[in-house]
Amino acid sequence: MASDRNAVARVHVDGMTCGKCVNYIESKMAEKEGVLQVSVSLEQKEATVTFDRKTVTSAEVALMVDQVGTKFTARLISEVGTIHIDGMTCHSCERNISGKLSELESVYSCQVSLEDKEAEVEFNGEKTTLEDIVTIVNNIGSKFTASIPDP
């Protein structure tokens with residue numbers, strides 16, 4: 001699972017035609033403030049960008065990819081972030097949290113780990129934030145205390 005204050009943006013990229021396009025996007029994105037790691041797939045037409053949530057948002061990352069060159073157009077697919085959850089005592093707690101988050105239209109997937117005391121959540125970064133997801137978990141009941149891990 002991802003950790004600390006970092007998150008991952010999945011960005012759809014149109015206009016790539018070869019390996020040089022991939023290298024160009026990766027090298028230009030690596031220069032951007034807040035971008036920590038970039039992996040581009042020509043076959044999947046996707047850039048996976050690890051970024052510092054304190055510096056940029058997933059929507060800003062998608063815009064950065066879109067502005068790398070006039071040949072490319074990009075749009076945000078999703079953001080993936082990790083939250084820390086105290087108070088889980090059994091697998092029923094995992095299912096309860098996972099079920100509540102999965103009911104949300106803006107959440108695409110959620111993996112809750114009792115052992116790691118974490119949830120990795122893939123969501124629509126244009127409609128919700130990781131802070132919103134923390135609030136939702138904290139409102140499930142008084143048993144759970146969710147937070148965004150510090151570095």
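Provided above is the structure to which this section pertains.
Residues numbered from 1 in each chain as written. Predicted model: local features only at pLDDT ≥ 70, side-chain atom pairs only at ≥ 80, totals over all residues. Heavy atoms only, no water.

So, the nonpolar core
Quick note on the threshold: Buried Ala, Val, Leu, Ile, Met, Phe, Trp, Tyr and Cys residues form a nonpolar core when they are joined through side-chain atoms within 4.5 Å. In this scheme, a residue with accessible area under 20% of its type's maximum is buried, one over 50% is exposed, and one in between is partly exposed, where area comes from a 1.4 Å probe on protein chains only. By definition in these notes, contact holds between two residues if any of their heavy atoms fall within 4.5 Å.
One finds V11, V13, M16, I25, M29 and V61 to be the most contacted residues of the largest nonpolar core, which totals 24 residues. What M29 contacts, discounting residues up to four positions off in sequence, is V35, V38, V49, V61, M64, V65 and V68. Membership of the second largest hydrophobic core comes to 19 residues, among which are L114, A119, F123 and I133.

Let's talk about the environment of A146
Threshold: Only DSSP runs of H or I with at least four residues qualify as helices, and only runs of E with at least two residues qualify as strands; both kinds are numbered from the N terminus onward.
Mapped onto the secondary structure, A146 falls in strand β7 (residues 145–147). Take A146: its relative accessible area is 6%, and that puts it in the buried class. A sequence separation of 67 residues divides A146 from E79, and the C-alpha atoms of the two residues are 18 Å apart. Those residues in contact with A146 that lie beyond four places of it in its chain are I83, H84, I85, V134, V137 and N138.

Examining the environment of V68
By the secondary structure assignment, V68 is in the loop between α2 (58–66) and β4 (73–86). Considering only alpha carbons, one finds V68 and I148, 80 residues apart in sequence, at a separation of 30 Å. Among residues more than four places away in sequence, those in contact with V68 are Y24, I25, K28 and M29.

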